[in-house]
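Topology and contacts: notes
The chain contents come next:
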Amino acid sequence: MTVRRHFEFWFIAGLALLPTGCGGNPAVPSAPAPPNRLATPAETQGAKVAAAPPPRPVASSPASTAKKEVSSLPDGVDPRDAFKVAAAGPTFDVLAIGTVLPEDQVTVVAAVSSGDLNQYQVATPGGAGRTAGAPAPGFTLPSGFQAVRAAGYSSAGLPLRIIDEKAGAEMVLIPAGVSYLGTDIGPENARPRVPVLLDSYYMDVTEVTLAEYDRYSTDLRDLKRPRPQEPLNAGALPAFPALGISWSTANAFAKWAGKDLPSEAEFEKAARGPDGFRAPWGNGRALWPDGRKPESISQVAAYRSDLSPYGVFDLAGNAREWCSDWYSEEGHREARASGSGTIKNWPGPRKATTTSHRVVKGGAEDWSAWTRAGANMADRPADVGFRCVLRVALPGEPPAARANGFRPPATSN
């Protein structure tokens, strides 16, 4: 990066968002950050950075001139969360303590300064992490879906972004690979942590909006079919999530659009990334520009911070969301008992703890993505919305619906 004006200072990484500019994926998955430490920007970009020693004076990079250095950190701050930064405009080159890594670059979204230390909410610049691939020979999307060619292709040849033409929703690729479901340190109903191998799928970038739901309602009217439930927040701005929709109606919307409701494992992978972060932005605390609370409902994608490693918005906050799984208090233990090691395409437990209850995700008090609850599929919780997924298979692979082992959702227990 060409830099005309430089200054240097220390900052504490409050949030480190993974590459999301074009729905790309982390270049090299790194080991999950310890649960009690913030994931550093270098770690979340897959950079190979050794654990930093305690703070000490650091030599400037050749391209910058030091103007301020801090020799100590406040009590309780992990030195591995401190970085030296050379800045030029809004984009910073992040230099791990004692190591010059000009390829690690972040853009500041919001900042909180206190004395000589600064805490930033950051994201990688647009395009970072984008995979330079080409369309896979013989691969075609299902009818009604179009690739966003400008977004590029994964190394496997799948488009990184697609458009659902019926609903008008943009979807992002969640590539095949291992991720984590649940936790060993959180709520009892989310234990234990289970490694899960999922095939590739696409997920809606945002929750289904009132505008998208209106397209569904209008289409059914034009087909002279019964109109669906009206969202409980009908009349709000079109970019708000459609709320107060029963599980069965949400599932019917998904089928109309040629998609499915996500499994709990798919929801968590999209939120936590391949490294199994606690929240979409990493293992640190949430930093919002206002007083956002778990129960706050806003227009979709209103909070840049609530963006997952794959480029999916609002998987921690905004509406809670329906998943396809039956809700069982013992669901994760059932997953662990279903096989040794990594579980492939876990579709959820065989039955619900309470009749007709499905999994609802999101809305945790601490924003943790492993938080789960159950709700009766016939009910219409006022804070619950939904989003959809599209499962795909490369040429030569079994059809995704069969390969994933997903059972057709039942309408009763």
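Scroll up to find the structure.
Read on for a plain summary of the structure.

1. A short note on the overall build of the protein
Within the protein one finds six helices and 17 strands. Here the protein holds 413 residues, and the buried ones make up 55% of them. Of the roughly 17100 Å² of accessible surface on the protein, 53% is carried by carbon and sulfur atoms.

2. A short note on the packing of aromatic side chains
Counted according to the given criterion, the structure contains nine aromatic pairs. Ring centres of Trp281 and Trp288 lie 5.3 Å apart, and the angle between their planes is 90°; this geometry places the pair in the edge-to-face category. Relative accessible area serves as the criterion here: at 1%, Trp281 is assigned to the buried category. Aromatic pair Trp288 and Trp367: ring centres 5.1 Å apart, planes at 70°, arrangement edge-to-face.

3. Concerning the nonpolar core
With 26 residues, the main nonpolar core has Ile174, Val196, Tyr201, Met203 and Leu315 as its most contacted residues. Elements represented by at least two residues in this core include exactly strand 8 (169–174), strand 10 (194–198), strand 11 (201–204) and helix 4 (264–272). Here the element with the most residues in this core is helix 4; it accounts for four residues. Core analysis: the second largest hydrophobic core is formed by 25 residues, Ala254, Leu261, Trp326 and Ala375 among them.

4. Observations concerning the environment of Pro231
Within the element layout of this structure, Pro231 appears in the loop between helix 2 (210–222) and helix 3 (247–256). Residue Pro231 is classed as buried on the basis of its relative accessible area, which comes to 9%. For the pair Pro231 and Pro241, spaced 10 residues apart in the sequence, the C-alpha separation amounts to 9.3 Å. If we skip the residues at most four places from it in the chain, Pro231 touches Leu210, Tyr213, Ala242, Leu243, Ile245 and Arg380.

5. Some words on the pairing of strand 12 (residues 320–326)
Burial within strand 12 is extensive, with six of its seven residues counted as buried. Sheet topology places strand 12 next to strand 16 (residues 384–385); two bridges connect them, and they run parallel. By the bridge assignment, Glu321 is partnered in strand 16 with Gly385. Relative to strand 14 (residues 357–361), strand 12 is paired through three bridges, and the arrangement is antiparallel. In the sheet register, Glu321 faces strand 14, and the bridge partner there is Lys361.

6. With respect to the sheet that holds strand 15 (residues 372–376)
Taking strand neighbours across the sheet as the criterion, the four strands line up as 15-14-12-16 in an open arrangement whose pairing is mixed. Two strands bound the open sheet, and with one partner strand each, they are strand 15 and strand 16.

7. Some details on the packing of helix 2 against helix 3
Close contact between helix 2 and helix 3 brings their axes to 11 Å; oriented N to C, the two are set at 80°. Judged by the angle between their axes, helix 2 and helix 3 are roughly perpendicular. Contact with helix 2, carried on its side by Glu212, Tyr213, Arg215, Tyr216 and Asp219, involves Thr249, Ala252, Phe253 and Trp256 of helix 3 and no other residues of that element. Considering only residue class, the contact of helix 2 with helix 3 consists of five nonpolar, one polar and three charged.

8. Here we look at helix 2
The first and last C-alpha atoms of helix 2 sit 18 Å apart over 13 residues, in line with the 18 Å expected at 1.5 Å per residue. Buried within helix 2 we find Leu210, Glu212, Tyr213, Tyr216, Ser217 and Leu220. The buried residues of helix 2 occupy one face: seen down the axis, they fall within an arc of 165°. On its buried face, helix 2 is in contact with strand 8 and helix 3. Phi turns positive, to about 60°, at Lys224, one or two residues after helix 2.

9. Details of the pattern of salt bridges
All told, the structure shown has 19 salt bridges when counted by the stated rule. Ionic pairing is found between Lys361 and Glu264, a salt bridge with its closest N-O pair at 3.5 Å. Highlighted residues: Lys361 in strand 14 and Glu264 in helix 4, separated in sequence by 97 residues. Taking relative accessible area as the criterion, Lys361 reaches 0% and is therefore assigned buried.

10. Some remarks on helix 3
The buried fraction of helix 3 is high, at seven of 10 residues. When helix 3 is considered as a whole, its buried residues turn out to be Trp247, Thr249, Ala250, Asn251, Phe253, Ala254 and Trp256. Lining the buried residues of helix 3 we find helix 2, strand 12 and strand 14. The positive-phi residue at the C-terminal boundary of helix 3 is Gly258, with phi of around 80°.

11. Here we look at the side chain of Thr183
Examined against the element boundaries, Thr183 turns out to sit in the loop between strand 9 (177–181) and strand 10. Residue classification places Thr183 among the buried residues on the basis of a relative accessible area of 3%. Only 2.9 Å separates the side chain of Thr183 from the backbone nitrogen of Ile185, close enough to count as a polar contact. Of note is the side chain of Thr183, whose polar atom sits 3.2 Å from the backbone nitrogen of Gly186.

12. Describing the side chain of Ser179
Following the sequence through the fold, Ser179 ends up in strand 9. Once you skip the residues sitting within four places of it in the chain, Ser179 turns out to touch Val194, Pro195, Val196, Leu198, Lys269, Gly273 and Pro274.

Reading the values: the criteria
- Residues numbered from 1 in each chain as written.
- Predicted model: local features only at pLDDT ≥ 70, side-chain atom pairs only at ≥ 80, totals over all residues.
- Heavy atoms only, no water.
- Helix = DSSP H or I, 4+ residues; strand = E, 2+ residues; numbered from the N terminus.
- Buried < 20%, exposed > 50% of the residue type's maximum accessible area, 1.4 Å probe, protein only.
- Areas by Shrake-Rupley, 256 points an atom, 1.4 Å probe, with all protein chains shown as cover.
- Phe/Tyr/Trp six-rings, centres within 6.5 Å; stacked < 30°, edge-to-face > 60°.
- Core = buried A, V, L, I, M, F, W, Y, C linked by side-chain atoms within 4.5 Å.
- Contact = heavy atoms within 4.5 Å.
- Pairing = 2+ DSSP bridges.
- Axes fitted to C-alpha atoms, helices over the stretch in contact; angles between N-to-C directions.
- Parallel < 35°, antiparallel > 145°, perpendicular 65-115°, else oblique.
- Nonpolar A, V, L, I, M, F, W, Y, C, P; charged D, E, K, R; others polar.
- Expected span 1.5 Å × (residues − 1).
- Arc of directions from axis to C-beta.
- Salt bridge = Lys/Arg side-chain N within 4 Å of Asp/Glu carboxyl O.
- Polar contact = N/O pair within 3.5 Å; in protein donor to acceptor, adjacent residues only side chain to side chain.

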